[in-house]
Amino acid sequence: MAEKYFNSLNYTIGNEDASLELEVLPENAQHVFAIAGSGSRIIPLLSKNPLRLTCVDSSLKQLALAELRLASLKFLDYEDFLSFWGYPPHQMSSHKRQRIFNNLEISEQAKKFLETLFKKHDWQSILYSGKWEQTFKKLSKINRWLVGQRGLEVFSCQTKEEQKNYLKTKFPHRTWSFSIFMLGNAVVFNALLYKGDFPRRNIKKSLHSFYMERFERLFKQDISRKNYFLQLLFFGRLQFSDGLPVECDPDIFQRAKKGLQKAKISYVQGDILKEAKNTSSPIDFFSLSDVPSYFKPPREQTFLQEIKNTLSPKGIVVNRYYLRIPENLNVSGYQNITDNFRETIEREKIQMYSFGIFQKI
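Being a predicted model, the structure only gives us computed values, none of them experimental.

Caption draft 1: Representation of the environment of Gln-335. Note that Gln-335 resides in strand S6 (residues 334-336). Of the residues examined, Gln-335 reaches a relative accessible area of 42% and is grouped as partly exposed. Spatially, the C-alpha atoms of Gln-335 and Met-352 are 24 Å apart, while their sequence positions differ by 17 residues. Those residues in contact with Gln-335, other than ones at most four positions away along the chain, are Ile-357, Phe-358, Gln-359 and Ile-361.

Caption draft 2: Seen up close, the packing of aromatic side chains. Tallied over the full model, the rule gives 33 aromatic pairs. Geometrically, the ring pair formed by Trp-176 and Phe-215 is edge-to-face, given 5.3 Å between the ring centres and 75° between the ring planes. Of the two residues, Trp-176 is situated in helix H10 (residues 173-183) and Phe-215 in helix H12 (residues 207-221); the sequence distance between them amounts to 39 residues. One Lys or Arg, Arg-69, reaches over the ring of Trp-85 and ends 4.2 Å from the middle of that ring. We note Arg-320 situated over the ring of Tyr-353; from NZ or CZ to the ring centre the distance is 5.1 Å.

Caption draft 3: Molecular detail of the nonpolar core. Judged by nonpolar contacts, the single largest core of 99 residues is most densely connected at Leu-68, Phe-84, Tyr-211, Phe-215 and Phe-234. Broken down by element, this core gets its largest block of residues, eight residues, from helix H4 (residues 60-75). Residues contacting Phe-84, with those up to four places away along its chain left out, are Leu-68, Ser-72, Leu-76, Met-92, Arg-97, Ile-100, Phe-101, Leu-104 and Phe-118. Counting residues in each nonpolar core, the second largest holds 20 residues, with Leu-273, Phe-295, Leu-304 and Tyr-334 among its members.

Thresholds applied
- Residues numbered from 1 in each chain as written.
- Predicted model: local features only at pLDDT ≥ 70, side-chain atom pairs only at ≥ 80, totals over all residues.
- Heavy atoms only, no water.
- Helix = DSSP H or I, 4+ residues; strand = E, 2+ residues; numbered from the N terminus.
- Buried < 20%, exposed > 50% of the residue type's maximum accessible area, 1.4 Å probe, protein only.
- Contact = heavy atoms within 4.5 Å.
- Phe/Tyr/Trp six-rings, centres within 6.5 Å; stacked < 30°, edge-to-face > 60°.
- Lys NZ or Arg CZ within 6 Å of the ring centre and 35° of its normal.
- Core = buried A, V, L, I, M, F, W, Y, C linked by side-chain atoms within 4.5 Å.

See below:
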């Protein structure tokens, strides 16, 4: 797998809308097994009251960040949680953030890394410290320069009809297309983020066509200010509070906080497929993120078989695919239930992924 890419702090917000996994996950699952990422994809899962949650990542830095997110969920109320992480419009002083950090219950290994990270940022928010977020900060500067104020004004639209008219009459489509052509290519992403581990694309269309099509979906889906991914692409940071990740939804937050009280949490570093085989408890829900996009043969074909015996009866596996859909995937012993969640997939806020959702039979 792409070890150079995965073994660092890549995500501090994350490039996934966890509303999909939230919809698929049944209530009161016995054991959820998931890629940790920044932790923002984990918090929504807790709102479904799993009895056990195992967070796995190849990066100790990502595990530390996930641990911090769950500790802040447990310790803070909603307003302070948003302020601690730096979600708009909330703000927190460096002194208060440091004091809160010192009171959080996290492991010594995680605390050592996180304290160094916070000190590097003078105890300001670390929400944009991941390599992915830093990459989009750089890309957004170029994108803003190319599309200009006419492009940014799309975020002033307050209704879908207003945005539809704006896109039809005022939005700079030619410069937007040129911006995507310049920024959305493997050379740029490898240089800034993937370091040679950009997914081996097997979709038939060009990258430019792929990105243009997917962004068109997002512009039609809802007003742009409600989409945190579009905010990052145009501003390099989150500007509008009505477009925050699902972990910031007040109802999800409160339910996750309650779910955390009963859930047994484990943090495991390693290869998620190998670690799954070492678990002592059958897995009811397996969230692989977009890890399958980076598998090479024969694992690309066999990874579902590799974890099948670790799943409970009717256990569910959720896969995200970025630019590469596994070829000749062995789905023996599974039912493909992806189509059961088409409406949720269409509402997903990133729209850069294809999905494969399988249930053990």
